[in-house]
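Observations on the three-dimensional arrangement
Next come the chains, spelled out residue by residue.
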Amino acid sequence: MHQHVVTLTLVALLTTSPGLVRAASDHGAEGREHAHEARREGVQLGPRPFYLVDKLSESRLKRQLEHCADGPFSQTTFSIGHRGGGTLQFPEHTKESHEAGARMGAGILECDVTFTKDGELVCRHDQCDLHTTTTILVTDLAKKCSVPFSKAEFDASGKRTKAASALCCTSDLTLEEFKSLHGKMDASNPNALTAQEFLGGTPNWRTDLYATGGTLLSHKESIKLIKSLGAKFTPELKGANPDPNVQVTLDQVFGSQEAYAQAMIDEYKEAGISPKDVFAQSFNLGDILYWIQHEPRFGKQAVYLDDANTPSELPGLDELRSYAAQGVQIVAPPMWALLAVDEHGQIVPSEYARNAKAAGLDIITWTLERSGRIVEEVLPTKGTDSPSFYYQTTLDALDNDGAILVTLDVLAKQVGILGIFSDWAATVTYYANCMGLP
């Protein structure tokens, strides 16, 4: 984050939160506690939630949300910062994204957990995403990538015959090497002829304005940071990348998946974090069951993520009941899995949503603000072979960006989710505060 942006943010926070001014002059634990409380109350949402409310069609929901425009706004656990919570505009899993998410009221912040070759845990969405989420390809560490950069190739007519590519993994590096990199917006340019060109490709509905050197985090650093921001924790244990070109494997570093799962929990225990403040996640049911059996205090609210891509891949009632029978208490499917459109063209809970509740499971979902603008990016996918992932079951009910808040309202009031991940935490914070959600 640019220094002048930080300065303006802090000035605004100090101006609107006298408690924080007092806390700055206090000493010891009492002063830190005052600062904690002041940060939780000193939430700044910016213009986006108000823009979305304005875009809503005239309705009871719009009127209700309009009445909340003057706040006050505070941190809420219903608002979960996806990869930090500022990832619509800030590089994911960076210090800057976490700070932005917390300032926008995210009460839970996410670190996706993977590993370095020296066995340290770090925050990245994938073991092998450094070529799209960091500047590694234009540093001396590029030579350590599992697969080096390869430029795009074109035929005589100018048609691309081979996309530019690379494969750079956290496991290619030591923690010290990893920390020397800078985060950027997750993107790449398939037409790139140079490594520098490959770093481009950011979607036009995001921005590179704040992608000027994002600070990468180890998992331990993320714990310390999130604690200082007054938020709770939702680490996701990432699976090993299956690409056969990966140089260093999970088993070579940890010996087993179970040891890897234990290592993540151990860092919370070492930091003295209460299990009640940790929502450990995984797409691997084996990880969830391991925590339930071996770390039951953490396993009690472990979150089993569902990786279904289409409705036909979703589990039925019997399978959901089998999760509950094994001790799983929270499931987290993508938000499209929880929604359908009825005969009146209204968004309503899906069969999966009803089945999950019937099985006695709580629900968290993902990810709001990750699909771009409704009219410009989402609706054009209707009727194509690749409908917008997050809205694939509700395309018939969308009309403008205000539909994002309609979607959120159905998820909160009719499906009854515990919370939702968002790439722009302010949107969810505004809604949750307005509706009196914790």
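The paragraphs below set out a description of the structure included in this document. Throughout, a residue's number is its position along its own chain's written sequence, starting from 1. With the structure being a predicted model, the display of local features is reserved for residues of pLDDT at least 70 and the display and counting of side-chain atom pairs for 80 or more, all residues being used for whole-chain, interface and lining totals. For the side-chain quantities, the full set of heavy atoms in the structure was used; hydrogens and water were omitted.

1. A short note on the overall build of the protein
Each helix and strand in the protein was counted, giving 19 helices and 17 strands. Here the radius of gyration uses the C-alpha set of atoms, whereas the globule reference equals 2.2 Å times the residue count to the power 0.38. Here the protein has a C-alpha radius of gyration of 22 Å; the compact-globule value for 438 residues is 22 Å, and the two agree. Accessible area is worked out with a 1.4 Å probe on protein chains only. A residue is then buried under 20% of its type maximum, exposed over 50%, and partly exposed in between. The buried share among the 438 residues of the protein stands at 54%. Contacts: residue pairs with any heavy atoms within 4.5 Å of one another. At a minimum sequence separation of 6, the contacts of the protein that also span at least 24 residues come to 72%. Each accessible area value is a Shrake-Rupley result obtained with a 1.4 Å probe; residue values ignore everything except the protein chains displayed when judging cover. Looking at the protein as shown, the accessible area adds up to about 18,900 Å², and 50% of this sits on carbon and sulfur atoms. Only DSSP runs of H or I covering at least 4 residues are called helices, and only runs of E covering at least 2 are called strands; the numbering of each starts at the N terminus.

2. A short note on helix H4 (residues 48–55)
Of all the residues in H4, the buried ones are Arg 48, Pro 49, Leu 52 and Val 53. Seen end-on, H4 carries its buried residues on one side only, within an arc spanning 140 degrees. Residues of H4 that are buried make contact with helix H5 (60–66), helix H18 (403–415) and helix H19 (425–434). The arc in question is formed by the directions pointing from the helix axis toward the C-beta atoms.

3. Topic: the environment of Ala 259
The topology assignment puts Ala 259 in helix H12 (residues 257–270). When the C-alpha atoms of Ala 259 and Leu 395 are compared, they prove to be 43 Å apart, with 136 residues separating the residues in sequence.

4. Focus: the pattern of salt bridges
Only one rule defines a salt bridge in this text: a Lys or Arg side-chain nitrogen within 4 Å of an Asp or Glu carboxyl oxygen. In this structure the tally under the stated criterion is 14 salt bridges. Its salt-bridge partner being Glu 177, residue Lys 144 comes within 2.4 Å of it at the nearest N-O pair. Here Lys 144, found in the loop between helix H7 (130–133) and strand E4 (147–150), pairs with Glu 177, found in helix H8 (residues 175–179); they are 33 residues apart in sequence, far enough to count as distant. The class of Lys 144 is partly exposed, set by a relative accessible area of 29%. A salt bridge links Asp 396 to Lys 382; the shortest N-O distance between them is 2.8 Å. Here the residue Asp 396 occupies a position in the loop between helix H17 (374–378) and H18, and Lys 382 occupies one in the loop between H17 and H18, the gap between them amounting to 14 residues. What you see here is one network of salt bridges that share partners, running through Arg 206, Arg 370 and Asp 423.

5. Brief notes about the pairing of strand E2 (residues 106–115)
Within E2, ten of the ten residues are buried, which leaves it mostly tucked inside the rest of the structure. Examined bridge by bridge, strand E1 (residues 76–81) and E2 share three bridges and lie parallel to one another. Residue Gly 81 lies in a different strand from E2, and its bridge partner there is Leu 109. By convention, a crossover is right-handed whenever its connection, traced from the first strand over the helix to the second and viewed with the strands pointing away, goes clockwise. Read from E1 through helix H6 (residues 95–103) to E2, the crossover connection turns out right-handed. DSSP-based pairing: two strands are paired if at least 2 bridges between them are found. One ladder, built from six bridges, connects E2 with strand E10 (residues 232–237); its direction is parallel. If you follow Asp 112 over to E10, its bridge partner there is Glu 236. The sheet contact formed by E2 and strand E3 (residues 121–123) spans three bridges and is antiparallel.

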